[in-house]
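Listed below, chain by chain, are the residues.
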Number of protein chains: 2
Amino acid sequence: IGMVSAKAVVLASKTKKVWRDDPRRVLHSMKVGLALAIVSIFYYVNPIYDGFGVSMMWAVLTAVVVMEYTVGGTLSKGTNRAFGTLLAGALGVGAHHLAVLFGHRGEPVLLVIFVFLIGAAASFSRFIPEVKARYDYGTVIFILTFSLVAVSSYRVDELLELAHQRLSTVAIGAAACICISVFVFPVWAGEELHDLCAGNLEKLATYLEGLAAEYFREKDELANVHVKGEHDDFSHAYRPVLNSKNTEETLANLARWEPPHGQFGLRHPWKHYLKLGALARRCAFHIDVLNTHTTRCEEDPHLSSTEFHEKTMRACAQMCSASGNVLRELASSMRKMTEPSNARQHLKNSGAAVESLTQQVVLGKETVLFGVLRGASMASLLVEIVACTRDIAASV
Amino acid sequence: IGMVSAKAVVLASKTKKVWRDDPRRVLHSMKVGLALAIVSIFYYVNPIYDGFGVSMMWAVLTAVVVMEYTVGGTLSKGTNRAFGTLLAGALGVGAHHLAVLFGHRGEPVLLVIFVFLIGAAASFSRFIPEVKARYDYGTVIFILTFSLVAVSSYRVDELLELAHQRLSTVAIGAAACICISVFVFPVWAGEELHDLCAGNLEKLATYLEGLAAEYFREKDELANVHVKGEHDDFSHAYRPVLNSKNTEETLANLARWEPPHGQFGLRHPWKHYLKLGALARRCAFHIDVLNTHTTRCEEDPHLSSTEFHEKTMRACAQMCSASGNVLRELASSMRKMTEPSNARQHLKNSGAAVESLTQQVVLGKETVLFGVLRGASMASLLVEIVACTRDIAASV
């Protein structure tokens, strides 16, 4: 009993966390409940039930599976379901009429062959990336409906009426879900994508600002006084950006289904967010490598006590804080949907910091300096890669 | 018409590519068709149909949605579906008995309230990461079945028989799918995960070996003769590793559902693959940054003509090819499930290359050298980060 209650406490705290992280999740749950309740009420009202009968069940079924967190998700699933059902229903009725020609014994054989062929072909189409991204659910529904119509056509007499009833009830269920998700506290996939991208830039900025404040100032002014606790606060900030690709792609796919809303027009360039996301990820990869370097230097402070190191550190601090400011400004102007004019200024600062690096550590010509830096950096990276392979070897 | 036929050609070539990339996909499609055909045959056999009636439809429905590419996927969906249906069916019958107590007018009201509450609570539970990862589908089926049973209990008299029929037919459909995916050309999620991890190590090895052969030798021996075409062959090899996290996590989740198979025991440490994957990704991030550096150096060959650069390049070439060899050996011993004894030797070589770097470029004490390298690397990385922020700024 102690085990069970301990697990219950853990579950409760996790539930609370999910709630706090995004209160809209509670709203979404209520919306699902609402959609189900509305469709159920249809079932209890006699005139509607008399029209559709047991087929009304399909409206409930549709409501459960179509209702998604974002408007784009619900729209995509709803239209996929409706068109998948329509197409498969028509094809199923056609298959029935063809099979009937082969007599009572030939009919089931032919129907099974049809189900096998259509099922296999449609399943294969789900592997094509374009189909997978946009019509995966529609394909499943297509296989489902075709099989159901083709199979039950052998037993049911009024096939057309059955198909018609099913299509209507699916449409009712889908329409109820779409209305609720569009009009009751809508969560737009486009807005989520916009916020995600801006949030990712902010996360990178938080890391760079933190590094500039804690690490480089520490080296400059506080010498060897380590403030580990505070360092840890920001040093994981950029992590979520490393693996944001899937979320971004899913949201961008869903955003294309959405009607214009808020500040986003009909043909808002959603694909552009993927490009921005790729650039932010690239920056995050560099930051991840940089983070390894700073951690290594902290572990062994003697490493960094050379003249060369001290000379470059000031320029590093400048580049770091200027880049952080650029990203912060870009994120905030993204959120406000304004021109990033402040960011331009910070961009000039970061360019100036790169310039000052070349002036502080003149080893001959400027071009030579970068060669030295790049060469040293490459060597240093390969030393890290050797360390990586050692870790991997220990783990295999 | 020209447009349509052009699109058809594109689609056909894409289909062919999907086919060639992994012929098992065709087998999977056939297996889906087979599962559907078998369940359909049940529908046509009179004795079975007489036992279940129209409920047999649920077997078809189950077969369509439960059949997944991997054995783990099918097992996970099948058991999720069966237990979700069982639990929700029991709860639905209970809710019906409770609601009946409130008379003919109170019953539908109470049922709608139940559907709303259970629907909302179960939807919310889907946001909890643990539930999402393992029981997401079961929760959907739970909501679905509960709503259907609760709602139709108002109209249907023999509720228990209906629930029993539905559960049996769902079990038949799920069992058919599980048998087919386990016994007919099974695709094990565990094996896929194992291959993915070994393949990722090979991809990293390909890049490092390619770099050692094309780039560093080119610098050493061929001077400025650029062989762009060949460089491009390997320079994208590591890319898929950067975003492999989601696939790995999904496969690891599915692998836990699978029975022992091949070389994998019952409690094979699937979580360990996630750790290995994280290390490989970390290595890929470093390689991505290294790739930026080598590209920049190629763009402007004058950058790299310093004495310091030339001195370090030989050590770089050694570290690069030794690391590549380590990864290649590790991958091959993973595939053969043997001890990586050859890799140990290559690991020693890469360690020796790091040593020789410190000897070739002695700038005083060894520790100081690494300080210089790290400092230079940090500065170089921050220069790249500044460039990144400029790209991002241009893209916002």
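What counts, and where the lines are drawn
- Residues numbered from 1 in each chain as written.
- Chains lettered and ligands numbered in written order.
- Predicted model: local features only at pLDDT ≥ 70, side-chain atom pairs only at ≥ 80, totals over all residues.
- Heavy atoms only, no water.
- Helix = DSSP H or I, 4+ residues; strand = E, 2+ residues; numbered from the N terminus.
- Buried < 20%, exposed > 50% of the residue type's maximum accessible area, 1.4 Å probe, protein only.
- Contact = heavy atoms within 4.5 Å.
- Least-squares fit on C-alpha atoms with pLDDT ≥ 70 in both.
- Patch = residues over 30% accessible without salt bridge, like charges linked within 9 Å, V, L, I, M, F, W, Y side chains within 5 Å.
- Areas by Shrake-Rupley, 256 points an atom, 1.4 Å probe, with all protein chains shown as cover.
- Salt bridge = Lys/Arg side-chain N within 4 Å of Asp/Glu carboxyl O.
- Core = buried A, V, L, I, M, F, W, Y, C linked by side-chain atoms within 4.5 Å.
- Buried area = accessible area lost by both parts, 1.4 Å probe.
- Polar contact = N/O pair within 3.5 Å; in protein donor to acceptor, adjacent residues only side chain to side chain.
- Nonpolar A, V, L, I, M, F, W, Y, C, P; charged D, E, K, R; others polar.
- Axes fitted to C-alpha atoms, helices over the stretch in contact; angles between N-to-C directions.
- Left-handed = near helix turned anticlockwise from the far one by under 90°.
- 1 Å grid on protein atoms, 1.4 Å probe; cavity = no way out; pocket = protein on both sides within 12 Å on 5 of 7 lines; lining within 4 Å.
- Points joined across faces, edges and corners; volume = space filled by probe spheres on them.
- pLDDT = per-residue confidence, 0-100.
- Disulfide = S-S within 2.5 Å.

(A) Just the overall build of chain A, in detail. Of regular secondary structure, chain A possesses 16 helices and zero strands. Going through the 396 residues of chain A one by one, you find that 55% of them count as buried. For chain A, the share of sequence-separated contacts (at least 6 apart) that also reach a separation of at least 24 residues comes to 77%.

(B) Geometry of the relation of the copies chain B and chain A. Laying chain B over chain A is done by rotating through 180° and shifting 0.0 Å along the axis; what remains is an RMSD of 0.0 Å. Look at the turn and shift together and you get a two-fold axis relating the two. Relative to the rotation axis, the C-alpha of serine 377 of chain B is the closest in chain B, positioned 1.9 Å from it. A shared interface surface links the copies, since 100% of the contact residues of chain B are contact residues in chain A too.

(C) Spatial organisation of a nonpolar patch on the surface. Residues and elements named next belong to chain A. Nonpolar side chains collect at one region of the surface, where Leu98, Leu101 and Phe102 lie side by side and expose about 350 Å² of accessible area between them. Mapped onto the elements of the fold, leucine 101 is located in the loop between helix 5 (71-100) and helix 6 (103-125). Residue leucine 101 is classed as exposed on the basis of its relative accessible area of 68%.

(D) Just the nonpolar core, in detail. Membership of the largest hydrophobic core comes to 115 residues, with the highest contact counts inside it found for Leu204, Phe216 and Met319 of chain A together with Leu204, Phe216 and Met319 of chain B. Beyond its immediate stretch of four places on either side in the chain, methionine 319 of chain B contacts Ala379, Leu382, Val383 and Val386 of chain A together with Ala353, Val354 and Leu357 of chain B. Among the nonpolar cores identified, the runner-up in size contains 86 residues, and Met57 and Val170 of chain A together with Val112 and Val170 of chain B belong to it.

(E) Region of interest: the interface of chain B and chain A. Counting residues at the interface gives 124 residues for chain B, matched by 124 residues for chain A. When chain B packs against chain A, close to 11700 Å² is buried across both sides, 77% of that on carbon and sulfur atoms. Summed over the shared surface of chain B and chain A, the number is four salt bridges. In this structure, arginine 282 of chain A engages aspartate 288 of chain B in a salt bridge whose closest nitrogen and oxygen atoms are separated by 3.7 Å. Counting across the interface, chain B meets chain A through six residue pairs in polar contact (both at pLDDT 80 or more). Looking at side-chain class alone, the side of chain B that touches chain A contains 80 nonpolar, 30 polar and 14 charged residues.

(F) Here's a closer look at the packing of helix 4 (residues 57-66) of chain B against helix 5 (residues 71-100) of chain B. Residues and elements named next belong to chain B. Where helix 4 contacts helix 5, the axes come no closer than 9 Å and their chain directions differ by 145°. Crossing geometry of helix 4 relative to helix 5 is assigned as right-handed. Facing Trp58, Leu61, Thr62, Val65 and Val66 of helix 4, the residues of helix 5 in contact are Thr74, Lys77, Gly78 and Arg81. Its residues placed into classes, the contact of helix 4 with helix 5 shows four nonpolar, three polar and two charged.

(G) Spotlight on the layout of surface pockets. Taken as a whole, the second largest pocket holds about 540 Å³ of empty space. Around the second largest pocket sit 24 residues that line it, and Val54, Met57 and Arg166 of chain A together with Val54 and Met57 of chain B are the ones nearest its centre. Among the secondary structure elements, those contributing two or more residues to the lining of the second largest pocket are helix 4 (57-66) and helix 8 (159-183) of chain A together with helix 4 and helix 8 (159-183) of chain B. When residues in the lining of the second largest pocket are grouped by element, the largest group, four residues, is from helix 8 of chain A.

(H) How the structure looks around the confidence of the model for chain A. Residues and elements named next belong to chain A. Summing up the model confidence of chain A, the mean pLDDT is 81 and the portion of residues at 70 or higher is 87%. Note that pLDDT drops below 50 for residues 220-230; the model gives that stretch twelve contacts with residues more than four away or on any other chain. Every residue in residues 363-367 is under pLDDT 50, and counting partners more than four places away or in other chains gives four contacts. Of the two predicted TM-score estimates for the complex, the pTM is 0.84 and the ipTM is 0.83.

(I) View of the pattern of salt bridges. What the rule picks out here adds up to 26 salt bridges over all chains. The shortest N-O distance in the salt bridge between lysine 77 of chain B and glutamate 68 of chain B comes to 3.3 Å. Overall, glutamate 68 of chain B belongs to the partly exposed group, its relative accessible area being 26%. Three or more residues are tied together by salt bridges with common partners; here these are Asp22, Arg24 and Glu192 of chain A.

(J) Just the side chain of serine 123 of chain A, in detail. Position of serine 123 of chain A among the secondary structure elements: in helix 6. Owing to a relative accessible area of 4%, serine 123 of chain A belongs among the buried residues under this scheme.

(K) View of the state of the cysteines. Residues and elements named next belong to chain A. Within this structure, the stated rule accounts for zero disulfides over all chains. Not engaged in a disulfide, the cysteine cysteine 177 finds its nearest cysteine sulfur in cysteine 179; these two sulfurs lie 9.4 Å apart. Looking at cysteine 197, it has no disulfide partner, and the nearest cysteine sulfur is the one in cysteine 283, 14 Å off.

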